[in-house]
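# Fold and contact review
Here is how the chains run, residue by residue.
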Amino acid sequence: MLTETAEGLYCEAGGFHIDPWGAVPRALITHAHGDHARAGSAAYLCADASAPLLARRFGSDVPIESQPYGQALTLGRTRVSFHPAGHVLGSAQIRVEGPDGVWVVSGDYKRAADPTCAPFEPVPCDVFITESTFALPIYRWDETAAVIADLVGWWDGNRERGLTSIVFCYTIGKAQRLLAEIGRVTDRPIWVHGALLPMIEVYRAAGVAMAPTQALIERPRGTSFAGELVLAPPSARGTPWMRRLGDLSDAFASGLMRVRGVRRQRACDRGFVLSDHADWPALLDTIVASGAGRVLATHGHAEPLARFLREQGVDAGVIHTAWEDEGGDDE
Ligand SMILES: [Zn+2]
Ligand SMILES: [Zn+2]
């Protein structure tokens, strides 16, 4: 029912693409990250909470329609619905029911609790197209509370030493999850780089509770940030913008921090392993829970995951994407 085309995954029976990288007449979007939501299509359909994020990315003149989670609509000869994926605000698995049974496209997902988005909901299906960003046995996440306690402890230590703490994190999802989680353990305000502000605003407008934030740009030049915590996108690293922060300790928050080689390559003082993707055990649990007779892996370590599943007797294959390198811009 879903086939690979030059523009991305296509459903002929429904007349739409899912997360296409090419420009298409109708794009169904699992979530607002750059490797899933590309500009240029004529019309977009997503889950309700994803729409304001897409509008920020694409501009308000782009036609974006949205659906509440769980509500089906008819597209061609299919029934389509969006179901929570637990990845970022508005992230959805897309369920397509049609002549070839029920297919579910997971988009990116995680099973760990996240105060910034609706929790993942298992959706029974015949064919499950699963992401595989961290589909290797080395990827196993610690409890979020422990990671946050570690981060806050690092911040406290830096404050005692008169250093500014800066954490690099991605703009959609990770920044807000950090703000929400840190906001549970302290009410101290957190400084944020200007590039993070628009998406933080969208999350606040959606009612997500987060630590109070202050825009760094609003502080007069020359004021000290010693003892403060600053969030910034990875692109700010090594730019002249950093100079105003004074003496600092830097960290990166990402599932990629599980890998020593990546930590070394990023060369930050600290790496906090906090991911918005399912780890290896969660991927396998989710695949079993889907009840799917056929599993197709995509976005990441698709080949190793499919091979592992075949060894377990599962009918498994891969779906190729324009992004064959791990991580993408969202992790
Ligand atoms: Zn994503
Ligand atoms: Zn992705």
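A brief look at the structure comes next. (Residues numbered from 1 in each chain as written. Chains lettered and ligands numbered in written order. Predicted model: local features only at pLDDT ≥ 70, side-chain atom pairs only at ≥ 80, totals over all residues. Heavy atoms only, no water.)

### Digging into the overall build of the protein
So the rule is basically this: Numbering of helices and strands starts at the N terminus; helices are DSSP runs of H or I of at least 4 residues and strands are runs of E of at least 2. To get the radius of gyration, use the C-alpha atoms; to get the globule rule, take the number of residues to the power 0.38 and multiply by 2.2 Å. Accessible area is worked out with a 1.4 Å probe on protein chains only. A residue is then buried under 20% of its type maximum, exposed over 50%, and partly exposed in between. Contacts between residues were defined by any pair of non-hydrogen atoms, one from each residue, lying within 4.5 Å. The accessible surface values rely on the Shrake-Rupley method and a 1.4 Å probe; as for residues, cover is taken only from the protein chains in view.
Within the protein, the regular secondary structure consists of 7 helices and 19 strands. For 331 residues, the compact-globule formula gives about 20 Å, and the C-alpha radius of gyration of the protein, at 20 Å, lands near that figure. Once the C-alpha set of the protein is aligned to its principal axes, its extents read approximately 65 × 45 × 30 Å. Counting only residues that meet the buried cut, the protein has 55% of its 331 residues in that class. The long-range share in the protein, meaning contacts at least 24 apart out of those at least 6 apart in sequence, stands at 60%. Accessible surface computed for the protein: about 13,400 Å², of which carbon and sulfur atoms make up 50%.

### Details of the packing of helix H6 (residues 280–290) against helix H7 (residues 302–311)
Spelled out, the test is: In this description, a line fitted to the C-alpha atoms serves as the axis of each element, helices being fitted only across the stretch in contact, and the angle between N-to-C directions of two axes falls anywhere from 0 to 180 degrees. To sort the angles, those under 35 degrees are grouped as roughly parallel, those over 145 as roughly antiparallel, those from 65 to 115 as roughly perpendicular, and the leftovers as oblique. Should the near helix be turned counterclockwise from the far one by less than a right angle, the crossing is left-handed, whereas a clockwise turn marks it as right-handed.
At their nearest, the axes of H6 and H7 sit 13 Å apart, and the two run at 55 degrees to each other. The angle between the axes of H6 and H7 places the two elements in the oblique class. Where H6 crosses over H7, the handedness of that crossing is right-handed. Along its contact with H6, which presents Trp 280, Leu 284 and Ile 287, the element H7 presents Leu 305, Phe 308 and Leu 309.

### Details of the sheet that holds strand E15 (residues 229–232)
Which entries qualify depends on this criterion: Strands are treated as partners if at least two bridges between them are detected by DSSP.
With respect to topology, 6 strands assemble into an open sheet ordered E14-E13-E15-E12-E16-E17, the strand pairing being parallel. Unpaired on one side and paired on the other, strand E14 (213–215) and strand E17 (270–272) mark the two borders of the sheet. Taken over all neighbouring pairs, the strand axes of this sheet differ in orientation by 30 degrees on average, direction set aside. Examined bridge by bridge, strand E13 (residues 190–192) and E15 share 2 bridges and lie parallel to one another. Bridge pairing in E15 links Trp 191 to Val 230.

### Here we look at the environment of Pro 212
When you line up the elements, Pro 212 lands in the loop between helix H4 (197–205) and E14. Classification of Pro 212 by relative accessible area gives partly exposed; the value is 40%. Separated by 33 residues in the primary sequence, Pro 212 and Leu 179 place their C-alpha atoms 8.0 Å from one another. In this structure, Pro 212 is in contact with Asp 187, Arg 188, Pro 189, Ile 190 and Arg 204, ignoring residues within four places of it in sequence.

### Quick look at the coordination of the zinc ion (ligand 2)
Let me state the cut-off plainly: Because water is not among the atoms used, a metal site may look incomplete, as its donors are only the N, O and S atoms within 2.8 Å, or 3.2 Å for Na, K and Ca.
Here the zinc ion (ligand 2) is held by the protein donor atoms Asp 35 (OD), His 36 (NE2) and Asp 108 (OD), which lie 2.2 to 2.5 Å from it. Counting gaps between the donor residues of the zinc ion (ligand 2) yields the pattern D-H-x71-D. Between the two metals, the zinc ion (ligand 2) and the zinc ion (ligand 1), the spacing is 3.6 Å, and Asp 108 donates to both. Taken together, the residues span a long stretch of sequence, with His 36 in the loop between strand E4 (27–28) and strand E5 (44–47) and Asp 108 in the loop between strand E10 (101–105) and strand E11 (127–132) at a distance of 72 residues. Comparing His 36 with Asp 108 shows no difference in burial state: the two are buried.

### Focus: the pairing of strand E2 (residues 8–11)
Pairing of strand E1 (residues 2–5) with E2, which is carried by 4 bridges, proceeds in the antiparallel orientation. If you follow Thr 3 over to E2, its bridge partner there is Tyr 10. In this sheet, strand E3 (residues 16–18) lies alongside E2 in antiparallel orientation, the contact comprising 3 bridges. Note on E3: the bridge partner recorded for Leu 9 is Ile 18. Hairpin connection between E2 and E3: a loop of 4 residues separates the two successive antiparallel strands, and Gly 15 in this loop has a positive phi of roughly 70 degrees.

### Here's the deal with the pairing of strand E6 (residues 64–67)
The criterion, for reference: By the criterion used throughout, a crossover qualifies as right-handed when its path from the first strand across the helix to the second strand runs clockwise, the strands pointing away from the viewer.
Here E5 runs beside E6; their pairing, made up of 4 bridges, is parallel. Across the sheet, residue Ala 47 finds its bridge partner in E6, namely Gln 67. Chirality of the crossover, the property in question, places the unit of E5, helix H1 (residues 51–58) and E6 among those that are right-handed.

### Structural notes on the nonpolar core
To keep it simple, the criterion reads: Definition of nonpolar core: a set of buried residues of the types Ala, Val, Leu, Ile, Met, Phe, Trp, Tyr and Cys, connected through side-chain atoms within 4.5 Å.
Counting residues in hydrophobic clusters, the biggest one holds 43 residues, and the most contacted among them are Val 167, Leu 178, Ile 182 and Leu 231. Contributions of two or more residues to this core are made by E5, H1, helix H2 (144–160), helix H3 (174–185), E13, H4, E15 and strand E16 (248–253). Broken down by element, the residue count for this core peaks at 6 residues, all from H2. Dropping the residues within four chain positions of it, Leu 231 is found in contact with Val 167, Cys 169, Ala 175, Leu 178, Leu 179, Ile 190, Trp 191, Val 192, His 193 and Leu 196. Of all hydrophobic cores here, the second largest spans 24 residues; its members include Val 104, Tyr 109, Ala 282 and Val 295.

### Some details on the packing of aromatic side chains
To describe a pair of aromatic rings, you give the distance between the ring centres and the angle between the ring planes. Basically, it comes down to this: Any Phe, Tyr or Trp ring, taking Trp's six-membered ring, that has another such ring centre within 6.5 Å forms a pair; planes under 30 degrees apart are called stacked, those over 60 apart edge-to-face, and the others tilted. Ring-over charges, as used throughout, are those where CZ of Arg or NZ of Lys falls within 6 Å of the ring centre and within 35 degrees of the ring normal.
For the coordinates displayed, the defined rule picks out 10 aromatic pairs. An angle of 35 degrees between the planes, with centres 4.7 Å apart, marks the rings of Tyr 44 and Phe 58 as tilted. Linking Tyr 44 in strand E5 with Phe 58 in helix H1, this pair joins segments that are 14 residues apart in sequence. Of the two residues, Tyr 44 and Phe 58, neither departs from the other in class, the shared state being buried. Ring centres 5.9 Å apart and planes at 55 degrees place the aromatic pair Tyr 139 and Trp 141 in the tilted group. In textbook terms, an aromatic cluster arises when at least three aromatic residues are bridged by ring pairs, as seen for Tyr 109, Phe 120 and Phe 128. When the ring centre of Trp 155 is taken as origin, the NZ or CZ atom of Arg 159, which lies over that ring, is 5.6 Å away.

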